[in-house]
Amino acid sequence: MAQATQDQGVMGTSDQDEDSPNMIVYRKIEDIITRIQDETEGVPIRTVKSFLTKIPSVVTGSDIVQWLMKNLSIDDPAEAIHIGSLIAAHGYIFPISDHALTLKDDGTFYRFQAPYFWPSNCWEPENTDYAIYLCKRTMQNKTRLELADYEAENLARLQRAFARKWEFIFMQAEAQVKIDRKKDKTERKILDSQERAFWDVHRPVPGCVNTTEMDIRKCRRMKNPQRVKKSVYGLADDTQSQSPVHTASQHTRKDTKEDVEKEILFLNTQLDRHCMKMSKVAESLMGYTEQYLDYDPFLSVPEPSNPWISDDCTFWELEVSKEPSQQRVRKWGFSLDEALKDPVGRDLFLKFLESEFSSENLRFWLAVQDLKRRPLQEVPARAQEIWQEFLAEGAPSSINLDSHSYERTSQNLKDPGRYSFEDAQDHIYKLMKSDSYTRFLRSNAYQDLLLARKKPETEQGRRTSLEKFTRSVGKSLTGKRLTGLMQSS
Amino acid sequence: MGEMEQLRKEAESLKDEITAARKAVNDASLQDTVSGTAVVGRVQLKTRKTLRGHLAKIYAMHWSTDSKLCVSASQDGKLIVWDSHTTNKVNAIPLKSSWVMTCAYAPSGNMVACGGLDNMCSIYNLKAKDGNVKVMRELAAHTGYLSCCRFLSDSEIITSSGDCTCVLWDIETGTQKTVFAGHLGDCMSLAVSPDFKTFISGACDSTAKLWDIREGQCRQTFGGHESDINAIAFFPNGNAVITGSDDATCKLYDLRADQELITYQDSSIMCGVTSIAPSLSGRLILAGYDDFNCNIWDSLKSERVGVLAGHDNRVSCIGVTADGMACCTGSWDSFLKIWN
C-alpha cells in the first residue's frame, strides 16, 4: 500500500472545506482520538495472546467507555456508548472482528484507525479502488481476508461493471499484494484491519448507516469539482465525476460604496432603537413560561387526558367545543391575543363590546385581519368596503382614530393594498387592549364563565383563587388607559 | 484617506457603538435572573407512533394547525400528508423533482408547499373539487435551492433560498412581492412570528435576521454562532428567537434586548443541530442533531433534561403541534416518530 509514503493526516483542503459541517465534527473527534491514544493519559493499547496467535494493538470496548466517561465528564454510560459509537461510525475506531462500526461496552476488541485513512482527508474513493481492494483480498489465502457475502456480491457487480478494464484492475491488485507481502506479519495484520475499516466506512455493510453522506445543501459549497480525487492505491485519476450539485466556486462580491452606505444606514437605525434591559427581558421570559406551564403538555398532565397516550380524544373535542373548560377560559385572561385566538373567547368579547356599544372596534380589527388573507384581486374592493363601513364620513360603524392615523389611512386608500389599514389596526388594537379588554375581564359575563365551571370549593378557597387570578391578570395588563378616546354610541 | 476607507471606518465605529449599547443594557444575565428557579425535572418522552411509508431520507416535516395532520417530504420524491393519530396516509403526492428539501402546511389546511434543488416552490391544493391533489402554482425566481417555505395565508408564502435571499410571494399571481436580501450566505431556514408581521431567517453566514414583512427590510441581525445556522424558530411569546447551528450549539436571542441571552451547549455534543422547536410554554427546547438524537433543553436554566433516541440516522426535522401535545421528528432513516 502507498500508506507509508503518505503524510499522516494530510489535509489538502481549502479554507472552505475546513469549516464544512463534517470537518467541524472530525476535528472534535480527532481531538478525543489523540487524547485517548496518549501514552500516559489514554487507554492501554496491548497485544493480546490468543490461541496460537497474538492480537496486536487492541483495546476493549469497556476500556474505551470508561475512558470517555472519565475524561469527558459523562455520568451516564449510555451517553458514553453513544459518543463512542459516533466515533466508530466515522471509522476512527473499529471492532477487529466485525464490519458493523458500533461501540460495545464489553470485552470486544477495538483498534484505532491510521490517520492516513481518517475521514478528514476528504476521501471519496472510486469504485476502481474498491474493486482492487476486493480483488486483492481474494488473492491472498487467509481466512481472515475471506469476503463476506455482501462483499462477494459487490465484487461480482463490479466485475460486470468493469468488464473491459478488469485486466487492469487485476494487475493493480497483484501489485498491491506484492507490496503487502514485503511487510512485517504483525504490521500487516494491523494494516489489513485498518484498510478494511476504511472500506466499512465508505462501502458500509447493507443496513448500516453511511456516515460519509452529506446534506446536499452543504455539498454544493464544499468541494472544488476541479480538484483531482485521490486514489487509495495511487492510481492516476482518469475520470472527472461531476455531481449534479456541484457548481463552480462562487467568487465573493467585493463591497461597493452603496453596500457600505446601506450598511451605515442600517447600523444607524439599529443604534436608534431602544434596547430593553436584560433583567427585564429575562423576567418577562420567566413569567411567560410560568404562566403557560399548566398548558404545556410536556410539563403538566393535560385534562382529561393526553389523546396520544390514552387514545381518548375528549381533550380535542373539548378544545373545539362551544362550551369551554375553565382552564381555557382562564387563558383568555392572559392577553388580548389569547382571547382573540379562541373563537369562543372572541365571540364573548364581541358580545361584551356590543353591550358597551363599542363592537365596531373589534369588527374593524377582524375585517382588516381578513383583508390581509384575501387574494390580491379582491383586496382593493374589500379595502374600500372597510373604509365605507368604519372610517368614511357618516360611516355606520364609525371607529375613533387619531388624526394622524386617519390621514395616513386615507392616503393609503388611494392605492389600496393588504397593509393599507395597518396603522389604524394597530391603534385600535392598543385601544381595545388597554380599555375594553380590562373591563371585559371584570365583566359578569366573563367572570361567570370563569367561575361557573370551578369544582365546588369552600368560600375561602374561592376567594383566594379569585385573588390569585386577578393578580395574574394584573401582571399581563399594559399601562395606562388612553384618555379622551372613550366610545360614544 | 479614500472615500471607501472613510465609509468603512464609519461603519466600524457604529458597530462599536451598538456593541456598547448592548453591553449597557446587559445588567443581568438570564442565569442570574433564573437562579432561584429550579431546573425542570427529567423529561421522558416516548415514541407513541411511527409513521412508515417513505423510502428514502426525510428532509422536512410540518404540522397542520389542527395538531393532527402533518406533511413530510422525502428524497424518494414524495410529499405525504399523514393523519398522525391513526398513522394513515391522507395523501401521497408524487413530486416532479425528488431533490426536495422543505415542505409546509398552510394554516387553513387547504394547501401544502414544497421545494428543493429545482429552485422552485410548488404549491399543491389539497381541497380540489375533484379530489385529486394537483400543483396549483410553481413559484420560480430563486437562483438557488429552496431551503424553507412558510405560508402566511392561502394567498401569500415566504421562501428562503440558497441564493442568500428570502422572498414573499403572492400565490394567486405567482409573482414575487418582496425580496429580502442581506444575508451573505445560503439562507437555510425561516420562521414566521405569531402575529404574522415579521419573520426570521437563519443562514450559512452564521447570522439570524429579523425582517419586517410589510416594509421589506431587515430590522435586526444576530450573530454569535461559529458556523451555519440550520434551524430557527420563534419563542412562543414572539419576543425571542431560538437558533440551531453546525457549531453544535443552540442560542436564544431576545428581540427587545437585541442580543443573545443564552447558549445551549455541552462538550459531549459534537454534531451539528439540524432542527429546533420550542414546547408550548417555551420552557423546553427540542433540538434535532446530526448524531441521530434529539436533545431536550430547559430553556431558562440551559441544562439538558431529556433525550429522544430512536432514530437510526440523522434527525433532519422536528415540529411541535400547535396545542403542544406532541412532537414529531423526521430522520434520514426514512421514519417519522411522534413523541410525548
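Residues numbered from 1 in each chain as written. Chains lettered and ligands numbered in written order. Predicted model: local features only at pLDDT ≥ 70, side-chain atom pairs only at ≥ 80, totals over all residues. Heavy atoms only, no water.

1. Concerning the overall build of chain A
Filter applied, for reference: Secondary structure elements are defined from DSSP: runs of H or I of at least 4 residues count as helices, runs of E of at least 2 residues count as strands, and each element is numbered from the N terminus. Whether two residues are in contact is decided by their heavy atoms: any pair within 4.5 Å suffices. Shrake-Rupley sampling with a 1.4 Å probe provides the accessible areas, and residues are treated as covered by the protein chains on show and by no other component.
Summing up its helical and strand segments, chain A has 22 helices and 4 strands in all. For chain A, restricting intrachain contacts to residue pairs at least 6 apart in sequence, the fraction spanning at least 24 positions comes to 63%. Here chain A displays about 26700 Å² of accessible surface, and carbon together with sulfur accounts for 51% of that area.

2. Comments concerning helix α7 (residues 166-181) of chain A
To keep it simple, the criterion reads: By definition here, a helix of n residues has an expected span of 1.5 Å times n minus one.
Compared with the 22 Å implied by 1.5 Å per residue over 16 residues, the 22 Å span of α7(A) between its first and last C-alpha is a close match. Residues of α7(A) that are buried make contact with α5 (127-139), α6 (149-161) and α8 (185-202) of chain A.

3. With respect to unusual backbone geometry
Along the chain, Glu303(A) connects to Pro304(A) via a cis peptide bond; the corresponding omega equals 0 degrees. Take Pro304(A): it is sitting in the loop between α11 (278-291) and α12 (307-310). Even without glycine at this site, Asn119(B) takes up a positive phi of about 65 degrees. Structurally, Asn119(B) can be placed in the loop between β7 (111-116) and β8 (120-125). At Cys164(B), a position not held by glycine, the phi torsion is positive, near 75 degrees. Note on placement: Cys164(B) falls in the loop between β11 (156-161) and β12 (165-170).

4. Some points on the packing of helix α10 (residues 257-272) of chain A against helix α1 (residues 3-25) of chain B
Cut-off, in case you're wondering: Here, axes are lines fitted to C-alpha atoms. For helices the fit covers the stretch in contact, and angles between N-to-C directions go from 0 to 180 degrees. Should an angle fall under 35 degrees it is taken as roughly parallel, and over 145 as roughly antiparallel, whereas 65 to 115 is taken as roughly perpendicular and any remaining angle as oblique. Helix crossings fall into two classes, left-handed where the near helix is turned counterclockwise from the far one by less than a right angle and right-handed where it is turned clockwise.
Across the interface, α10(A) lies against α1(B) with an axial gap of 9 Å and an inter-helix angle of 20 degrees. Comparing the axis directions of α10(A) and α1(B) gives the class roughly parallel. Pair α10(A) / α1(B) crosses with left-handed handedness. The residues of α1(B) that touch α10(A), namely those facing Lys257(A), Val260(A), Glu261(A), Glu263(A), Ile264(A), Leu267(A), Asn268(A), Gln270(A) and Leu271(A), are Glu3(B), Met4(B), Leu7(B), Arg8(B), Glu10(B), Ala11(B), Leu14(B), Lys15(B), Glu17(B), Ile18(B) and Arg22(B).

5. Re the UniProt feature "domain: DEP" (unreviewed entry) in chain A
So the rule is basically this: UniProt positions are given in the numbering used here, feature names are shortened, and annotations may be inferred rather than shown by experiment.
Per the UniProt record, "domain: DEP" (unreviewed entry) is annotated on residues 39-114 of chain A. For the annotated span residues 39-114 of chain A, helix accounts for 32% and strand for 26% of the residues, and the straight-line distance between the end C-alpha atoms is 16 Å.

6. Notes on the UniProt feature "domain: RGS" (unreviewed entry) in chain A
The residues that UniProt annotates with the feature "domain: RGS" (unreviewed entry) are residues 335-450 of chain A. Annotated as residues 335-450 of chain A, this span is 73% helix and 0% strand, and its ends, taken at the C-alpha atoms, are 15 Å apart.

7. Considerations on empty space enclosed by the protein
This is how it is decided: In this analysis a 1.4 Å probe is tested at points of a 1 Å grid over the protein atoms alone, and where it fits but cannot get out there is a cavity; an open set with protein on both sides within 12 Å along at least five of seven lines is a pocket; lining residues have an atom within 4 Å of a point. Grid points are joined across faces, edges and corners, and a volume is the space filled by probe spheres set on the points. We call Asp, Glu, Lys and Arg charged. Ala, Val, Leu, Ile, Met, Phe, Trp, Tyr, Cys and Pro are nonpolar, and the rest, Gly among them, are polar.
In this structure the tally under the stated criterion is 4 cavities of 30 Å³ or more. Approximately 130 Å³ is the volume attributed to the largest cavity. Lining the largest cavity are 16 residues, with Asp215(A), Arg217(A), Thr274(B), Asp290(B) and Arg314(B) positioned closest to its centre. Within the residue set of the lining of the largest cavity, elements represented by two or more residues are α2 (21-36) and α9 (216-222) of chain A together with β22 (273-278) and β26 (315-320) of chain B. Its residues assigned to classes, the lining of the largest cavity shows 6 nonpolar, 4 polar and 6 charged.

8. Re the nonpolar core
Soluble globular proteins tend to pack their nonpolar side chains together in the buried interior. Operational definition: Working definition of a nonpolar core: buried Ala, Val, Leu, Ile, Met, Phe, Trp, Tyr and Cys residues. They are joined through side-chain atoms within 4.5 Å. Exposed residues in this analysis have more than 50% of their type's maximum accessible area, buried residues have under 20%, and partly exposed residues fall in between, with area computed by a 1.4 Å probe over protein chains only.
Phe349(A), Leu362(A), Phe364(A), Leu391(A), Phe421(A), Phe440(A) and Tyr446(A) are the most contacted members of the largest nonpolar core, which totals 38 residues. Elements represented by at least two residues in this core include exactly α14 (326-332), α15 (336-341), α16 (343-355), α17 (359-373), α18 (379-391), α20 (422-442) and α21 (444-452) of chain A. A total of 8 residues in this core trace back to one element, the largest contributor, which is α20(A). Filtering out sequence-adjacent residues up to four positions away, Leu362(A) remains in contact with Leu340(A), Arg346(A), Phe349(A), Leu350(A), Leu353(A) and Met432(A). Among the nonpolar cores identified, the runner-up in size contains 32 residues, and Val281(A), Leu261(B), Val273(B) and Ala287(B) belong to it.

9. Observations regarding the pattern of salt bridges
As a reminder, the rule being used: What makes a salt bridge here is a side-chain nitrogen of Lys or Arg within 4 Å of a carboxyl oxygen of Asp or Glu, nothing more.
Scanning the model with the defined rule gives 38 salt bridges over all chains in all. Between Arg196(A) and Asp200(A) there is a salt bridge, with the nearest N and O atoms lying 3.9 Å from each other. With Arg196(A) and Asp200(A) both in helix α8, this residue pair falls 4 residues apart, about one helical turn. Between Asp130(B) and Lys134(B) there is a salt bridge; the shortest N-O distance is 3.3 Å. By relative accessible area, which is 49% here, Asp130(B) ends up partly exposed. Look at the salt bridges and you will find they share partners, linking Asp370(A), Arg374(A), Glu378(A), Arg382(A) and Glu385(A) into a network.

10. Some thoughts on the side chain of Ser201(B)
All names here are of chain B. Here Ser-201 shows up in strand β15 (residues 198-203). Since its relative accessible area comes to 0%, Ser-201 is described here as buried. Beyond its immediate stretch of four places on either side in the chain, Ser-201 contacts Cys-166, His-183, Ser-189, Leu-190, Thr-207, Ala-208, Lys-209, Trp-211 and Ile-232.

11. As for the domain arrangement of chain A
Accessible area lost when the parts come together is the quantity often used to give the size of an interface. Under the convention used in this document: Residue ranges for the domains trace back to a domain assignment, done automatically or taken from a database.
Each assigned domain of chain A is listed with its residue range as follows: domain 1 (19-122) and domain 2 (321-451). Here domain 1 of chain A and domain 2 of chain A have C-alpha centroids that lie 63 Å from each other.

12. Thoughts on the sheet that holds strand β1 (residues 47-51) of chain B
Residue and element names in this part refer to chain B. Here is the rule: If DSSP finds at least two bridges between two strands, the strands pair.
If you trace the 4 strands from one edge of the open sheet to the other, you get β1-β28-β27-β26, paired in antiparallel fashion. The open sheet terminates on both sides in strands that have one partner only, identified here as β1 and β26. Adjacent strand axes in the sheet meet at a mean angle of 20 degrees when their direction is disregarded. Here β26 runs beside strand β27 (residues 327-331); their pairing, made up of 5 bridges, is antiparallel. What sits directly across from Val-315, in β27, is Ser-331.

13. Let's talk about the pairing of β8(B)
Looking along a regular strand, one sees side chains alternate from face to face of the sheet. All names here are of chain B. Taking burial as the measure, the 6 residues of β8 include 5 buried ones, the bulk of the element. The sheet contact formed by β7 and β8 spans 5 bridges and is antiparallel. When the bridges of β8 are listed, Cys-114 appears paired with Ser-122. Once β7 ends, the chain turns through 3 residues before running back antiparallel as β8, passing Asn-119 with a positive phi of about 65 degrees. Summarising the sheet, β8 and strand β9 (residues 134-140) pair through 6 bridges and their orientation is antiparallel. Across the sheet, Tyr-124 pairs through a bridge with Val-135, a residue of β9.

14. A closer look at the UniProt feature "repeat: WD" (unreviewed entry) in chain B
All names here are of chain B. Mapped onto this numbering, the UniProt entry gives "repeat: WD" (unreviewed entry) at residues 51-92, 139-179, 180-221, 222-263 and 308-340. Counted over residues 51-92, helix gives 0% and strand 57%. Its end C-alpha atoms are 13 Å apart. The annotated region residues 222-263 carries 0% helix and 55% strand content, and the separation between its end C-alpha atoms amounts to 13 Å.

15. A look at the interface of chain A and chain B
Here is the rule: A quick way to say it: buried area is the sum, across both parts, of accessible area lost when two parts are put together, with a 1.4 Å probe.
Each side of the interface is counted separately: chain A has 79 residues, and chain B has 102 residues. Here chain A and chain B share an interface that buries about 7900 Å² over both sides, 64% of which is from carbon and sulfur atoms. In this structure, the connection of chain A to chain B is made through 10 salt bridges. With its nearest N and O atoms 2.9 Å apart, the salt bridge here joins Lys218(A) to Asp228(B). Split by residue class, the side of chain A that touches chain B holds 42 nonpolar, 11 polar and 26 charged.

16. Concerning the packing of aromatic side chains
What counts here: Two rings belonging to Phe, Tyr or Trp (six-membered ring only in the last case) form a pair when the distance between their centres is within 6.5 Å. Interplanar angles under 30 degrees mark stacking, angles over 60 mark edge-to-face geometry, and anything in between is tilted. Working rule: Lys NZ or Arg CZ, within 6 Å of ring centre, within 35 degrees of ring normal, means a charge sits over the ring.
The full count for this structure, using the stated rule, is 31 aromatic pairs over all chains. Within the aromatic cluster, the residues linked to one another by ring pairs are Tyr116(A), Phe117(A), Trp123(A), Tyr130(A), Tyr133(A), Phe198(A) and Trp199(A). The ring of Phe335(B) carries Arg52(B) above its face, with NZ or CZ at 5.6 Å from the centroid.

17. Considerations on the environment of Phe440(A)
Residue and element names in this part refer to chain A. Within the secondary structure, Phe-440 is located in helix α20. Taking the C-alpha atoms as reference points, Phe-440 and Val-368, separated by 72 residues in sequence, lie 22 Å from one another. Among residues more than four places away in sequence, those in contact with Phe-440 are Gly-345, Leu-348, Phe-349, Phe-352 and Tyr-446.

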